[in-house]
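Here is what each chain is made of, one letter per residue.
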Amino acid sequence: MAVPIAVLDCDLLLYGRGHRTLDRFKLEDVTDEYLVSTYGFPRQFIYYLVDLLGASLSRPTQRSRAISPETQILAALGFYTSGSFQTRMGDAIGISQASMSRCVANVTEALVERASQFIHFPEDDATVQRLKDDFYGLAGMPGVLGVVDCTHVAIKAPNAEDLSYVNRKGLHSLNCLMVCDARGVLLSAETHWPGSLPDCNVLQQAALTRQFETELHKDGWLLGDSSFFLRTWLMTPLHIPETPAEYRYNMAHSATHNVIERTFRTIRSRFRCLDGSKGTLQYSPEKSSHIILACCVLHNISLEHGLDVWSSPATEHMEQPEEEYEQMESMDSEACRIRQELLLTHFS
């Protein structure tokens with residue numbers, strides 16, 4: 001019976017009940033190159049996360065030995081950036097795969113708790129104006145507060161009866177609604193929507209819509225593709241451009257909106273647990289949603305630390321279901337008026 005016990009709780013046999021923290025792995029003992037290649041991030045970034053999350057990860061537990069915040073963070077980063085609980089990774093930091101799974105859960109919870117601190121729209125006038133200026137500098141599209149789109153992340157089937165997560169490709173997924181700025185910083189991330197919902201339905205039900213319709217920035221708009229309906233706060237491309245001004249508007253719209261596609265590719269490249277290369281996220285929809293949101297928080301923190309959003313190499317990822325929607329103009333006459341005024345003022 002000794003072998004099964006060792007497999008189930010090798011940390012206990014290695015360190016004993018009197019050991020307070022598992023600290024076999026020391027950041028100062030390895031190179032930055034090793035940290036980046038194994039855990040996806042350099043030393044100073046990891047130290048920042050230890051300071052940020054340390055208090056949450058040091059909460060009292062029922063377990064007789066605690067895993068240090070530093071080790072928990074390394075375990076979670078290893079999973080986020082590789083997409084698997086590799087035995088060699090657990091061996092390197094001195095914990096079992098079961099402990100690695102607990103570390104991912106703890107770090108994910110701590111990051112999700114801080115999501116609103118790192119993912120939000122700017123509020124002060126100067127920052128809002130700088131946001132618009134950055135977008136205008138891309139392709140001459142004025143008044144843009146963000147670009148919005150949806151992306152699917154594959155998850156395991158919740159159960160045989162629940163079809164709400166089955167997307168148009170017949171795969172189980174979460175449909176994630178995100179907004180970013182011109183640098184790829186996420187301004188909004190709703191990661192919990194079932195994969196069966198079309199993009200336009202996700203937006204209709206999203207907190208983002210309530211935010212813009214009730215309180216946020218009446219002097220600007222988001223840019224969305226043709227899977228969304230035109231709104232006073234959401235400019236979409238013209239289905240059939242006819243005049244030179246309409247062609248110029250569509251070209252500027254497309255060039256600007258492309259930022260969100262590049263951001264999706266970068267997030268998937270940096271956080272391989274989301275790209276499907278190691279299979280689907282093997283968690284419930286709720287836990288999978290939290291993992292995606294945790295990666296979004298880390299994405300924004302990495303930008304704050306100067307880790308270039310466009311520097312990660314491209315990677316293959318889950319094929320995005322093609323939306324089937326009617327190409328039709330909005331019945332919102334005020335939204336149509338605003339877009340027409342935009343065309344006449346800036347693209348004629």
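With an unreviewed UniProt entry as reference, the protein is termed Putative nuclease HARBI1, source organism Strigops habroptila. In its Cofactor (unreviewed entry) section, the UniProt entry covering the protein states "a divalent metal cation". What the UniProt record of the protein gives under Sequence similarities (unreviewed entry) is the line "Belongs to the HARBI1 family."

A.B. asks: A description of the environment of Thr191 should follow, citing residues and the corresponding values.
C.D. replies: Relative to the helices and strands, Thr191 resides in strand β3 (residues 186-194). Along the primary structure Thr191 and His290 are separated by 99 residues, whereas in three dimensions their C-alpha atoms are 7.6 Å apart. With sequence-adjacent residues up to four places away left out, Thr191 is seen in contact with Leu174, Cys176, Met178, Ser289, Ile292 and Leu293. Side-chain polar atoms of Thr191 contact the side chain of Ser289, separated by 2.8 Å.

A.B. asks: A description of the packing of aromatic side chains should follow, citing residues and the corresponding values.
C.D. replies: Aromatic ring pairs are defined here through the distance separating the ring centres and the angle between the ring planes. The tally for this structure, following the rule as stated, stands at eight aromatic pairs. The interplanar angle of 85 degrees and the centroid separation of 5.8 Å between the aromatic rings of Tyr249 and Phe347 together place this pair among those described as edge-to-face. With Tyr249 in helix α12 (residues 244-270) and Phe347 in helix α14 (residues 333-347), this pair connects stretches of sequence that are 98 residues apart. This pair shows no difference in class: Tyr249 is buried, exactly as Phe347 is. Aromatic rings pair up to connect Phe41, Phe45 and Phe271 into one cluster.

A.B. asks: Account for the sheet that holds strand β1 (residues 144-154), with residues named and values stated.
C.D. replies: Spatially, the five strands line up as an open sheet ordered β3-β2-β1-β4-β5, and their pairing is mixed. On the outer flanks of this sheet lie β3 and β5 (234-235), each paired with one strand and no other. In the packing of helix α11 (residues 207-214) onto the sheet, the strands contacted are β1, β2 (173-180), β3 and β4 (221-223), and the crossing angle to β3 comes to about 135 degrees. On the sheet, helix α13 (residues 285-304) packs against β1, β2 and β3 and is oriented at approximately 165 degrees with respect to β3.

A.B. asks: Give a description of the side chain of Ser227 that names residues and reports values.
C.D. replies: Residue placement: Ser227 occurs in the loop between β4 and β5. Relative accessible area serves as the criterion here: at 6%, Ser227 is assigned to the buried category. Here the side chain of Ser227 touches Asp225 through a polar contact of 2.4 Å, side chain to side chain.

A.B. asks: Can you break down the nonpolar core residue by residue, with the values?
C.D. replies: Membership of the largest hydrophobic core comes to 95 residues, with the highest contact counts inside it found for Tyr80, Leu208 and Leu222. Both domain 1 (10-117) and domain 2 (119-284 + 330-347) contribute no fewer than three residues apiece to this core.

A.B. asks: Lay out the confidence of the model for the protein with the relevant residues and their values.
C.D. replies: In this model, the protein carries an average pLDDT of 85, and 81% of its residues clear a pLDDT of 70 or more. Confidence drops under pLDDT 50 across residues 1-22; counting only partners more than four residues distant or on other chains, this segment forms 33 contacts. Here residues 312-318 scores under 50 on pLDDT; set against residues more than four positions off or in separate chains, the count is 20 contacts.

A.B. asks: Describe in detail the pairing of β2, supporting the description with residues and values.
C.D. replies: Most of β2 is tucked away: eight of the eight residues are buried. The alternating pattern of β2 places Ser173, Asn175, Leu177 and Val179 and Leu174, Cys176, Met178 and Cys180 on opposite faces, both of which are buried. Sheet analysis places β1 next to β2, joined by eight bridges and oriented antiparallel. Bridge pairing links Thr151 to Cys176 in β2. Where β2 meets β3, six bridges bridge the pair, whose relative direction is antiparallel. Looking at β3, one finds that Cys180 is bridged to Leu186. Connecting β2 to the antiparallel partner β3 that follows it, the hairpin turn spans five residues, and Gly184 within it adopts a positive phi of roughly 95 degrees.

Cut-offs used in this document
Residues numbered from 1 in each chain as written. Predicted model: local features only at pLDDT ≥ 70, side-chain atom pairs only at ≥ 80, totals over all residues. Heavy atoms only, no water. UniProt positions renumbered as here; feature names shortened; annotations may be inferred. Helix = DSSP H or I, 4+ residues; strand = E, 2+ residues; numbered from the N terminus. Contact = heavy atoms within 4.5 Å. Polar contact = N/O pair within 3.5 Å; in protein donor to acceptor, adjacent residues only side chain to side chain. Phe/Tyr/Trp six-rings, centres within 6.5 Å; stacked < 30°, edge-to-face > 60°. Buried < 20%, exposed > 50% of the residue type's maximum accessible area, 1.4 Å probe, protein only. Pairing = 2+ DSSP bridges. Axes fitted to C-alpha atoms, helices over the stretch in contact; angles between N-to-C directions. Core = buried A, V, L, I, M, F, W, Y, C linked by side-chain atoms within 4.5 Å. Domains from an automatic or database assignment. pLDDT = per-residue confidence, 0-100.

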